[in-house]
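Observations on the model geometry
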Amino acid sequence: MSNALRTILVAALLASPAAAQQAGVRFGGLQQDTSLPVEVTSDNLSVDQVSGGALFAGNVLVIQGEMRMTAGEIRVEYAQDGQGIQSLHATGGVTLVSPTDAAEASEAVYTIDSGSVVMTGNVLLTQGSATISGQKLSVNLKDGTGAMSGGVKTIFTPGARP
C-alpha cells in the first residue's frame with residue numbers, strides 16, 4: 001500500500017464523527033434559474049382561499065426549466081402579495097431530477113426566491129456513478145452548492161467520474 005493511500009485511510013478512520021455526519025457536495029446539475037416559470041400538473045387540485053394555498057395531489061409533477069420534481073402531494077404557498085409562488089412543500093416520496101443529478105427523499109421544501117431546496121427523510125442523491133445518502137440534503141439551486149447531513153454514507157466507484 002502506498003504511503004499516500006495509507007495516509008488517506010488513517011485520516012478517514014481518525015476523522016471526528018461530527019465531520020463524518022455532514023458532506024459538502026457540488027450540484028452543478030441541480031443549478032437552476034429560479035426566475036423561470038413553474039409548471040405544476042396533478043390528478044387533483046384543491047384551493048384554500050382563506051390560507052392562500054393550493055394542494056396538488058396524485059402524480060404531481062413540477063417543472064422549472066430542466067429541473068423536475070415529482071411527489072404524491074405538493075402544497076403550494078403563494079407570496080403575501082399574491083404575485084407568484086413563495087414555496088412548494090412536497091410529501092409522499094419526492095424525486096428531484098436534473099439532466100445529471102437525481103435525489104429522492106420522504107419530503108422536500110422548495111423556497112422559490114432563495115432557490116433553496118431542503119429534502120429530508122432517507123435522502124439518496126445520485127451523481128453519475130456516485131451515491132450519497134443521509135437524512136437531510138440542502139441545495140442552493142442558484143449556485144449549485146449543497147450539503148448532506150445525518151448519517152451520511154457515500155459510495156464512489158474507483159476510476160469513475162461523478
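Details of the structure are given in the entry above.
The notes below deal with the structure included here. (Residues numbered from 1 in each chain as written. Predicted model: local features only at pLDDT ≥ 70, side-chain atom pairs only at ≥ 80, totals over all residues. Heavy atoms only, no water.)

A side chain of one charge can pair with a side chain of the opposite charge when the charged atoms of the two come close. Under the defined criterion, the tally for this structure stands at one salt bridge. Put simply, glutamate 77 and arginine 75 hold a salt bridge, and the shortest N to O gap is 3.2 Å. For glutamate 77, a relative accessible area of 28% corresponds to the partly exposed category. With relative accessibility at 40%, the residue arginine 75 sits in the partly exposed group. (Salt bridge = Lys/Arg side-chain N within 4 Å of Asp/Glu carboxyl O. Buried < 20%, exposed > 50% of the residue type's maximum accessible area, 1.4 Å probe, protein only.)

Right, let's get into the environment of lysine 142. Within the secondary structure, lysine 142 is located in the loop between β9 (130-140) and β10 (145-149). Classification of lysine 142 as partly exposed rests on a relative accessible area of 44%. Of note is the side chain of lysine 142, whose polar atom sits 2.6 Å from the backbone oxygen of aspartate 113. (Helix = DSSP H or I, 4+ residues; strand = E, 2+ residues; numbered from the N terminus. Polar contact = N/O pair within 3.5 Å; in protein donor to acceptor, adjacent residues only side chain to side chain.)

As a further point, take the nonpolar core. Met69, Ile74, Tyr110 and Met119 are the most contacted members of the largest nonpolar core, which has 28 residues in total. When residues of this core are traced back to their parent elements, those giving at least two are β4 (53-64), β5 (67-78), β6 (85-97), β7 (101-111), β8 (116-127) and β9. Once residues within four sequence positions are removed from consideration, methionine 119 is found in contact with Val94, Leu96, Ala103, Glu104, Ala105, Glu107, Ala108, Gln135, Lys136 and Leu137. (Core = buried A, V, L, I, M, F, W, Y, C linked by side-chain atoms within 4.5 Å. Contact = heavy atoms within 4.5 Å.)

As paired strands, β4 and β5 are joined by ten bridges and run antiparallel to one another. Residue pairing across strands places leucine 55 opposite arginine 75, the latter belonging to β5. Relative to β6, β5 is paired through nine bridges, and the arrangement is antiparallel. Bridged to methionine 69 within β6 is leucine 96. The hairpin formed by β5 and β6 contains six residues between the paired strands, and glycine 82 there has a positive phi angle of roughly 75°. (Pairing = 2+ DSSP bridges.)

The phi torsion at asparagine 59 lies on the positive side, around 50°, for a residue other than glycine. Inspection of the secondary structure puts asparagine 59 in strand β4. Its identity is not glycine, yet asparagine 122 carries a phi of approximately 50°, on the positive side. Of note, asparagine 122 is situated in strand β8. Residue class for asparagine 122 comes out exposed when judged on its relative accessible area of 58%.

What follows concerns the environment of leucine 61. Examined against the element boundaries, leucine 61 turns out to sit in strand β4. Setting aside anything within four residues of it in sequence, one finds leucine 61 in contact with Glu39, Val40, Thr41, Arg68, Met69 and Thr70.

Okay, the pairing of β4 next. Of the pairings in the sheet, the one linking strand β2 (residues 39-41) to β4 comprises three bridges and is antiparallel in character. Counted as the bridge partner of valine 40 is valine 62 from β4. Direction of pairing for strand β3 (residues 44-48) relative to β4: antiparallel, over a ladder of five bridges. Looking at β4, one finds that leucine 45 is bridged to phenylalanine 56. Linkage of β3 to β4, two consecutive antiparallel strands, is achieved through a turn of four residues, within which glycine 52 is found at a positive phi near 75°.

From the geometry alone we can't say anything about function, so treat these as descriptive.
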